[in-house]
Amino acid sequence: MRTLLVSALVAASLTIGGCGLRPLYANGSKGAVATVLADIDVAPIEGHSGWLVRNALRDRFVATEGGRGQGKRLRLDVRLEDSITGFGVRADDAVTRERRTLRARYQLVDAASGEVLLDATAAADAGIDVVGSEYATIAAESSALERLASGVADQIVARLAVFADRGGAAPAAAPATTPPSP
């Protein structure tokens, strides 16, 4: 029975290898994805939520580039929309539950030419219980924002990694020159 299981696993691994799957971060810090992510500079983002998202993005980019943080070829512009909506209303019109939503529209821009290479969105939301203590509710809203900022940053980095893996934002190759003919 065990040899049958091992044989089945070996056969399955051989078929998976032929399907074209490969690691997104192949070749580590020398790979195409890490190279593109290392070239990204995150532009300042407005507001407290912007500060949280920008720091989360920069932390992730530094982790992919071995701590260098030298991105200058590409710029990431992010605009955020942060909203809190109350629902779960009691008979006395008091809100008992809130939903905090953080939406980001981001553009990857070639710093030299100003060309937009990628225009996409990311979003995350969290539910918050509204309790009798105003301090506790404010603390819950604040910690929800921190989690949302981290989640949005993860989505942005994942999308940028896929974009880079598919050949987007690759450094332009120098034009080939042909020697003059005699």
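Scoring rules and cut-offs
- Residues numbered from 1 in each chain as written.
- Predicted model: local features only at pLDDT ≥ 70, side-chain atom pairs only at ≥ 80, totals over all residues.
- Heavy atoms only, no water.
- Core = buried A, V, L, I, M, F, W, Y, C linked by side-chain atoms within 4.5 Å.
- Buried < 20%, exposed > 50% of the residue type's maximum accessible area, 1.4 Å probe, protein only.
- Contact = heavy atoms within 4.5 Å.
- Salt bridge = Lys/Arg side-chain N within 4 Å of Asp/Glu carboxyl O.
- Helix = DSSP H or I, 4+ residues; strand = E, 2+ residues; numbered from the N terminus.
- pLDDT = per-residue confidence, 0-100.
- Lys, Arg positive; Asp, Glu negative; His and termini not counted.
- Pairing = 2+ DSSP bridges.
- Axes fitted to C-alpha atoms, helices over the stretch in contact; angles between N-to-C directions.

1. Some points on the nonpolar core
For soluble globular proteins, nonpolar side chains are generally found buried alongside one another. Core analysis: the biggest nonpolar cluster contains 36 residues, and Leu57, Phe61, Leu76, Ile156 and Leu160 have the highest contact counts within it. The residues contacting Leu160, other than those within four sequence positions of it, are Leu37, Ile40, Phe61, Leu76, Leu108 and Leu118.

2. Structural notes on the pattern of salt bridges
Inspection of the entire model under this criterion finds eight salt bridges. Of the charged contacts in the structure, one is a salt bridge between Asp92 and Arg90, with a shortest N-O distance of 3.1 Å. With relative accessibility at 52%, the residue Asp92 sits in the exposed group. Judged by its relative accessible area of 48%, Arg90 falls in the partly exposed class. A salt bridge links Arg99 to Asp125; the shortest N-O distance between them is 3.1 Å. Taken together, the positions of Arg99 in strand 3 (residues 95-110) and Asp125 in strand 4 (residues 116-129) put the pair 26 residues apart, joining distant regions of the chain.

3. Some words on the confidence of the model for the chain
The share of residues in the chain with pLDDT of 70 or more is 73%, and the mean pLDDT across the chain is 81. Taken as a whole, residues 173-182 scores under 50 in pLDDT and shows zero contacts with residues more than four places along the chain or in a different chain.

4. Side note on the side chain of Glu141
Position of Glu141 relative to the elements: it lies in helix 4 (residues 134-165). One buried charged residue, Glu141, forms no salt bridge at all, with the nearest opposite charge on Arg100 at 5.0 Å. Setting aside its immediate chain neighbours within four residues, Glu141 contacts Ile84, Glu98, Arg100 and Ile128.

5. What about the environment of Leu148?
Mapped onto the secondary structure, Leu148 falls in helix 4. Residue classification places Leu148 among the buried residues on the basis of a relative accessible area of 4%. With 25 residues separating them along the chain, Leu148 and Ala123 place their C-alpha atoms 8.3 Å apart. With near-sequence residues (within four places) excluded, Leu148 lies in contact with Arg100, Thr101, Leu102, Ala124, Asp125 and Ala126.

6. Some remarks on the sheet that holds strand 2 (residues 74-89)
Taken in spatial order, the four strands of this open sheet run 1-2-3-4, and their pairing is mixed. Unpaired on one side and paired on the other, strand 1 (40-42) and strand 4 mark the two borders of the sheet. On average, each strand axis in the sheet is inclined to that of its neighbour by 25°, with strand direction left out of account. As paired elements, strand 3 and strand 4 share 13 bridges and run antiparallel to each other. Its bridge partner being in strand 4, Tyr106 is matched across the sheet by Ala120. On top of the sheet, helix 4 reaches strand 1, strand 2, strand 3 and strand 4; it is set at about 150° to strand 4, its chief contact.

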